[in-house]
Every structure is written in C-alpha cells, then in structure tokens.
Amino acid sequence: SKFPDDVVGLVFIDQPPDEWFDYIRTTHSPEDVAKFNKIFDPDQTDFYTGTGKEELRMYEHNAGLMKNLKIPPHIPVRMLTSVKYEEMQKERGYQPEDMIVWAEMQAEVLNGVSDAKQIITEKSGHFLQSTEPELVINAVKELVDIYRNAKSE
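These figures come from a predicted structure and were not determined experimentally.

Outline the sheet that holds strand β1 (residues 10-13), supporting the account with residue identities and numerical values.
On the basis of which strands lie adjacent, the open sheet formed by three strands has the order β1-β2-β3 and parallel pairing. A single partner strand is all that each edge strand has here, and the edge strands are β1 and β3 (116-121). Taken over all neighbouring pairs, the strand axes of this sheet differ in orientation by 15° on average, direction set aside. Direction of pairing for β1 relative to strand β2 (residues 77-82): parallel, over a ladder of four bridges. Bridged to Phe12 within β2 is Met79. Here helix α5 (residues 98-108) sits on the sheet in contact with β2 and β3, set at roughly 170° to β2. Strand contacts of helix α7 (residues 133-152): β1, β2 and β3, with the helix running at about 170° to β2, the strand carrying the most contacts.

Outline the side chain of Thr81, listing residues and values.
Here Thr81 is to be found in strand β2. Judged by its relative accessible area of 0%, Thr81 falls in the buried class.

Kindly report on the pattern of salt bridges, identifying the contributing residues and their values.
What the rule picks out here adds up to five salt bridges. Close ionic contact of Asp43 with Arg57 constitutes a salt bridge, the shortest N to O distance being 3.0 Å. Of the two residues, Asp43 is situated in the loop between α2 (30-40) and α3 (51-66) and Arg57 in helix α3; the sequence distance between them amounts to 14 residues. The class of Asp43 is exposed, set by a relative accessible area of 62%. For Arg57, a relative accessible area of 40% translates into the label partly exposed.

Could you give me a rundown of the packing of helix α1 (residues 20-27) against α2, with the residues and numbers involved?
Relative orientation of the contacting elements α1 and α2 amounts to 150°, with a least axis distance of 9 Å. Of the residues in α2, those touching α1 at Trp20, Phe21, Ile24 and Arg25 are Val33, Phe36, Asn37 and Phe40. Across the contact of α1 with α2, the residue classes break down as six nonpolar, one polar and one charged.

Any chance you could break down the environment of Pro30 for me, citing the residues and the numbers?
The residue Pro30 is located in helix α2 in this model. According to the relative accessible area criterion, Pro30 is exposed, its value standing at 64%.

Basis of the calculations
Sequence order as written defines the numbering, with residues in each chain counted from 1. Only residues with pLDDT of at least 70 are given local features in this predicted model, and only at 80 or more are side-chain atom pairs given and counted; all residues enter the totals for whole chains, interfaces and linings. Side-chain metrics in this entry use all non-hydrogen atoms of the structure; hydrogen atoms and water are not considered. The criterion for strand pairing is that DSSP finds at least two bridges linking the strands in question. Here a strand is any run of E in DSSP of at least two residues, a helix any run of H or I of at least four, and the numbering for each starts at the N terminus. Orientation is described by axes fitted as lines to C-alpha atoms, over the contacting stretch for helices, and by angles from 0 to 180 degrees between their N-to-C directions. Working rule for contacts: check all heavy atoms of both residues, and any pair within 4.5 Å makes them a contact. Type-normalised accessible area, obtained with a 1.4 Å probe on protein chains alone, sets the label of each residue: buried when under 20%, exposed when over 50%, and partly exposed for intermediate values. The rule for a salt bridge is simple: a side-chain nitrogen of Lys or Arg has to be within 4 Å of a carboxyl oxygen of Asp or Glu. Just so you know the grouping, Ala, Val, Leu, Ile, Met, Phe, Trp, Tyr, Cys and Pro go in nonpolar, Asp, Glu, Lys and Arg go in charged, and all remaining residues, Gly too, go in polar.

Geometry only, nothing functional implied.
Here is the structure:
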C-alpha cells in the first residue's frame, strides 16, 4: 500500500484471511477452539517455538493492521486457495464447512481489483506450493506476462 507503483502483481498462496482467528474463536465449539489455540495461540502452543511463536504473536497484530487496507485496483492478483479438508485441519479444530468460509474470505481480498482470479484446488492441502508447485509457477508466469505485455504497449 505504500508503494503501489512499484508492485506489478501479487500472488497469494493460501493466505490465512485476516479474520480467520476471530472466525474460529467465535463460531466453533469450545473443544474446537481449544484445538485451534493449542496450535495458534502463542501462549498455549508447543507446536511452535522461537521465531515461530513470535510470528504467531505478530500475526493477529499484523492482521489488524491489514484489515482496512485494500489492494490498489490496477494491480493484478492471483489468489491460490486450497479447500481440501484433511487431517491437519481436523487436528486444528476446523470443520469441513470451514473450507468454504476459508475460500470466501480469501475471495473478499480480491474485491475491487480489476484483474483478479481465485484459483481453487481440492488436490492439495495448505502447503500447495509443495504438492502443486505448477499452480504457483503458472500464476507468477501469468503476472509476468501481463507486466511484459503492458510495458510493450
């Protein structure tokens, strides 16, 4: 948001929506919230240590800073979204229907962007860059092509 003229495109790789923590903590059973907090609450987790815990501490703060920022409409965006429900999500207190909410929340980031696409996969879990790297590669290539074509006009 500080340097929109220096950004020629954005690729989001299964980005956690800014409201995700609030959504889980306000809509799920106490048992599911406890599972979620065991992973994502820096004061309760043993899953992360060191810089991982610090990243968790900063995540909610940073999400709050990002809530009111909008992507400038002229910057093309590709949102890669995994909706695969697997054991990892279950262990974190997610329900199968949460994957729909996850995709909808990610899509909201694209509002107002003139060249925005959401690419949804059911083949990969959250780390789709490892299991379907071609999705990431193709999204980056597409944005590079858009930039090159705009420069040549």
